[in-house]
Amino acid sequence: MTYSRFVIAGAIIGAVALAGCSIQGSTSVECTGDPLLVVNPSSAILATGDTLTLQALLQTPSCDLIYVTADSMRWKSANPAVVAVDSLTGVVTAKANGTTMVTGTKLGTAITGSTTLQVLGGQTP
């Protein structure tokens with residue numbers, strides 16, 4: 001099944017492509033996979049003290065991409081000393097130098113997605 005009716009931000013296209021979907025041009029996605037949670041951004045570099053709101057898209061078995069509202073998600077940081085995350089809103093705060101993953105889970109499912117966040121001291125490069 002091919003969808004050509006939407007444009008997705010570059011970070012999300014990259015994550016979808018890595019998750020078993022192939023990109024055909026800049027606005028067409030062919031999907032053959034299972035349900036998937038795509039986190040935007042798929043990675044980021046932050047300065048200590050920066051905040052960022054994570055977002056999620058659910059790729060359904062029929063290959064539709066659906067925005068997942070914050071109240072349907074729960075978030076967890078693998079290392080809260082590096083990046084803290086508000087489990088209800090998906091707002092992350094860079095705490096200390098390092099790299100960690102933040103994982104989101106769609107409520108009522110076992111479907112998860114993650115992002116890799118790197119924190120550098122000083123200003124964001």
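Draft legend 1. How the structure looks around the overall build of the protein. Each helix and strand counted, the protein has 1 helix and 13 strands in total. Secondary structure elements of the protein, listed N to C terminal, follow the sequence β-α-β-β-β-β-β-β-β-β-β-β-β-β. In the protein, which comprises 125 residues, the share counted as buried stands at 34%. In the protein, the proportion of contacts linking residues at least 24 apart, taken out of those at least 6 apart, comes to 51%. Accessible area of the protein: about 6400 Å², with a carbon and sulfur share of 56%.

Draft legend 2. Representation of the side chain of Thr100 in the model. Relative to the helices and strands, Thr100 resides in strand β12 (residues 98-106). We classify Thr100 as buried; its relative accessible area is 5%. Polar contacts involving the side chain of Thr100 include one to the main-chain amide nitrogen of Asn79, which spans 3.1 Å. Those residues in contact with Thr100, other than ones at most four positions away along the chain, are Ser77, Ala78, Asn79, Val82, Val83, Thr115, Thr116 and Leu117.

Draft legend 3. Focus on the sheet that holds strand β6 (residues 51-53). What the 3 strands build is an open sheet, ordered β6-β11-β10; its pairing is antiparallel. Each end of this open sheet is capped by a strand with a single partner; those strands are β6 and β10 (83-85). Sheet twist, expressed as the average angle between the axes of neighbouring strands with direction ignored, equals 25°. Pairing between β6 and strand β11 (residues 91-94): 3 bridges, direction antiparallel. Paired with Thr51 across the two strands is Thr93, which belongs to β11.

Draft legend 4. Representation of the environment of Ala94 within the structure. Mapping Ala94 onto the fold places it in strand β11. With relative accessibility at 2%, the residue Ala94 sits in the buried group. When the C-alpha atoms of Ala94 and Leu52 are compared, they prove to be 8.6 Å apart, with 42 residues separating the residues in sequence. For Ala94, the contacting residues outside a window of four places in its chain are Leu46, Ala47, Thr48, Gly49, Asp50, Val82 and Val119.

Draft legend 5. Geometry of the environment of Gln55. Structurally, Gln55 is set in strand β7 (residues 55-59). Gln55 sits 14 residues away from Thr69 along the chain, and the two C-alpha atoms are 8.1 Å apart. Among all residues touching Gln55, those that are not within four sequence positions of it are Val38, Val39, Asn40, Tyr67 and Trp75.

Cut-offs and rules
Residues numbered from 1 in each chain as written. Predicted model: local features only at pLDDT ≥ 70, side-chain atom pairs only at ≥ 80, totals over all residues. Heavy atoms only, no water. Helix = DSSP H or I, 4+ residues; strand = E, 2+ residues; numbered from the N terminus. Buried < 20%, exposed > 50% of the residue type's maximum accessible area, 1.4 Å probe, protein only. Contact = heavy atoms within 4.5 Å. Areas by Shrake-Rupley, 256 points an atom, 1.4 Å probe, with all protein chains shown as cover. Polar contact = N/O pair within 3.5 Å; in protein donor to acceptor, adjacent residues only side chain to side chain. Pairing = 2+ DSSP bridges. Axes fitted to C-alpha atoms, helices over the stretch in contact; angles between N-to-C directions.

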